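Single-letter residue listing:
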Amino acid sequence: MLSNYRRLNSLVLVIFTGMGFRLLQFEGAIVVYFLLLCLFNLDLLLVIKPKLLLICFLISILLTIIYLFKDAHVPYFMFIVIFGCYVFLLPYVKQPNLLGNDIISFSKISMYYTLSSIPIMIILPSYLTETLLDYSLYKTFLYTHWFSPVGGLGIFDGLRFTGITWEPGIWQLFLNINLLFAFREKRSTTHIILSLISIIVVYSTTGLIVASILLAFSLTSQFNKISKAHIAGTILTLLVFLPYIYSNFESKLYGEHMGSGMTRFSDFFTGVYLLFQNPIFGSTPQNAIASINPDLIAIKTFFWSGNFIDGSFDGYLTVANSNGYILLLLDWGLPIGLTLLVLSTKSAIFKDKKINSIFYALLFISMSSEAISNTTFFYSLIILGLYNYQIKMKLQ
């Protein structure tokens, strides 16, 4: 039981380190998190896993070589990310399905954590404290609940719960994983309704899209044995919240938050443009910012439908690329980058192959709008996939 808690604590730390709001406001904060991860797994570090360690070394060396070929500064923080994977994966290399179990447990906790934010947003919005972290404005209640102050439902004073991540668009991933397993494990109708509510109140457009796809699959495929109560509860919940769901899409496409949607669309095409320029070795994340690279301004302008005089367009040009898999491909180039993406799906953290495929579909859809690829969480899937792939090759 103690090992379960230790693994879950490590998972929470890894998610927060790569995807969390920048609570530690100093350069090198990632080293602090790495040392904490080592502390959590100190006894496991006493037994060296040579093959796992070798994979981490080879990936680090290969990334260095690629950046030298690009004549660009090597992103040294990535070495901490990669060797954080070594520490994090020590309990999982022999039993990768344990990581899947821990993700399921975390996603269930995420749902209840999100639901606990609802009374705070309704009753106590005036008691929240504003905090600026790494140029991002948040509101927090006693530093236990964190909110983005814009883009949320009117009944919540525009607040959106971010969980332990920097964006609601990242937090929704774990809530949708919980919804997936609510259907898969045939949990109660109440749990399914609460899972849907948690996704809706976070009010992430990506989250709503992912949930829609997931519901369509769950209600029409192998999950067709779910009860009538599950179906009725799902439909009733969607009907109640349908006006709010419609309002979310409308604001992203035509309303006050359309800049967010335009950024997501343009980031894909600016990334593709850079990959066409140098498909073998890619580019750098900095080169994907239009204010730094004038070649991208025409592409960004094409997707802009706002005005050009209030300063919004200038800010739009300074935004870093938010597409996770585009950033991974820019780092590695197409041949190696695509290989790494495929390898990440070989980690087999869920025994059911169909569930494994759905999990990666949810992850990749979420990555298309959030820069979460250069994290220990995602690289752990790549390294675990490579580790498992090597074992399978030997067995064959």
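All of the points below concern the structure found in this document. (Residues numbered from 1 in each chain as written. Predicted model: local features only at pLDDT ≥ 70, side-chain atom pairs only at ≥ 80, totals over all residues. Heavy atoms only, no water.)

Description of the overall build of the protein chain
Alright, step 1. The secondary structure content of the protein chain amounts to 18 helices and four strands.
Alright, step 2. Of all 396 residues assigned to the protein chain, the portion counted as buried reaches 52%.
Alright, step 3. Counted over contacts in the protein chain with a minimum sequence separation of 6, partners at least 24 positions apart contribute 71%.
Alright, step 4. Accessible surface for the protein chain amounts to roughly 18200 Å². Of this, 67% is attributable to carbon and sulfur atoms. (Helix = DSSP H or I, 4+ residues; strand = E, 2+ residues; numbered from the N terminus. Buried < 20%, exposed > 50% of the residue type's maximum accessible area, 1.4 Å probe, protein only. Contact = heavy atoms within 4.5 Å. Areas by Shrake-Rupley, 256 points an atom, 1.4 Å probe, with all protein chains shown as cover.)

Here we look at unusual backbone geometry
Alright, step 1. Residues other than glycine seldom take positive phi values, yet Leu142 does so here, at roughly 55 degrees.
Alright, step 2. Looking at the element boundaries, Leu142 is found in the loop between β2 (136-141) and β3 (145-148).
Alright, step 3. By relative accessible area, Leu142 is classed as exposed at 63%.
Alright, step 4. In this structure, Tyr203 is a non-glycine residue whose phi angle is positive, near 60 degrees.

Considerations on the packing of helix α15 (residues 324-332) against helix α16 (residues 334-344)
For any two helices packed against each other, one specifies the crossing angle of their axes together with the interaxial distance.
Alright, step 1. Contact geometry for α15 and α16: axes closest at 7 Å, N-to-C directions at 135 degrees. It follows from the interaxial angle that α15 and α16 lie oblique. Crossing handedness for the pair α15 and α16: right-handed. Across the interface between the two elements, Tyr325, Leu328, Leu329 and Trp332 from α15 touch Leu334, Ile336, Gly337, Leu338, Leu340 and Leu341 from α16.
Alright, step 2. Tallied by class, the residues present in the contact of α15 with α16 amount to nine nonpolar, one polar and no charged. (Axes fitted to C-alpha atoms, helices over the stretch in contact; angles between N-to-C directions. Parallel < 35°, antiparallel > 145°, perpendicular 65-115°, else oblique. Left-handed = near helix turned anticlockwise from the far one by under 90°. Nonpolar A, V, L, I, M, F, W, Y, C, P; charged D, E, K, R; others polar.)

Looking at the pairing of strand β1 (residues 129-133)
Alright, step 1. As judged from the five bridges shared by β1 and β2, these two strands associate in the antiparallel manner. Each residue of the ladder has a partner; that of Thr129, found in β2, is Thr140.
Alright, step 2. Counting the residues that bridge the hairpin from β1 to β2 gives two residues, and of these Asp134 lies at a positive phi of roughly 50 degrees. (Pairing = 2+ DSSP bridges.)

Examining the environment of Phe268
Alright, step 1. By the secondary structure assignment, Phe268 is in helix α12 (residues 258-277).
Alright, step 2. Once residues lying within four places of it in the same chain are set aside, the contact partners of Phe268 are Asn323, Tyr325 and Ile326.

What about a nonpolar patch on the surface?
Alright, step 1. On the surface, Phe26, Val32, Leu36, Leu39 and Leu42 cluster together to form a nonpolar patch covering roughly 440 Å² of accessible area.
Alright, step 2. The leading source of residues in the nonpolar patch is helix α2 (residues 29-40), at three residues.
Alright, step 3. Note on placement: Leu42 falls in helix α3 (residues 42-45). (Patch = residues over 30% accessible without salt bridge, like charges linked within 9 Å, V, L, I, M, F, W, Y side chains within 5 Å. Salt bridge = Lys/Arg side-chain N within 4 Å of Asp/Glu carboxyl O.)

Focus: α16
Alright, step 1. Among all positions of α16, only Gly337, Leu340, Leu341, Leu343 and Ser344 are buried. Taken end-on, α16 shows its buried residues confined to a sector of 165 degrees, consistent with a single buried face. (Arc of directions from axis to C-beta.)

Focus: the sheet that holds β1
Alright, step 1. One open sheet holds the four strands; their spatial order is β1-β2-β3-β4, and the pairing between them is antiparallel. Here the strands that pair on one side only, and so sit at the sheet edges, are β1 and β4 (160-161).

Re the state of the cysteines
Alright, step 1. Enumeration over the complete set of coordinates arrives at zero disulfides.
Alright, step 2. A disulfide-free cysteine, Cys85 has its sulfur positioned 6.1 Å from the sulfur of Cys56, the nearest such atom. (Disulfide = S-S within 2.5 Å.)

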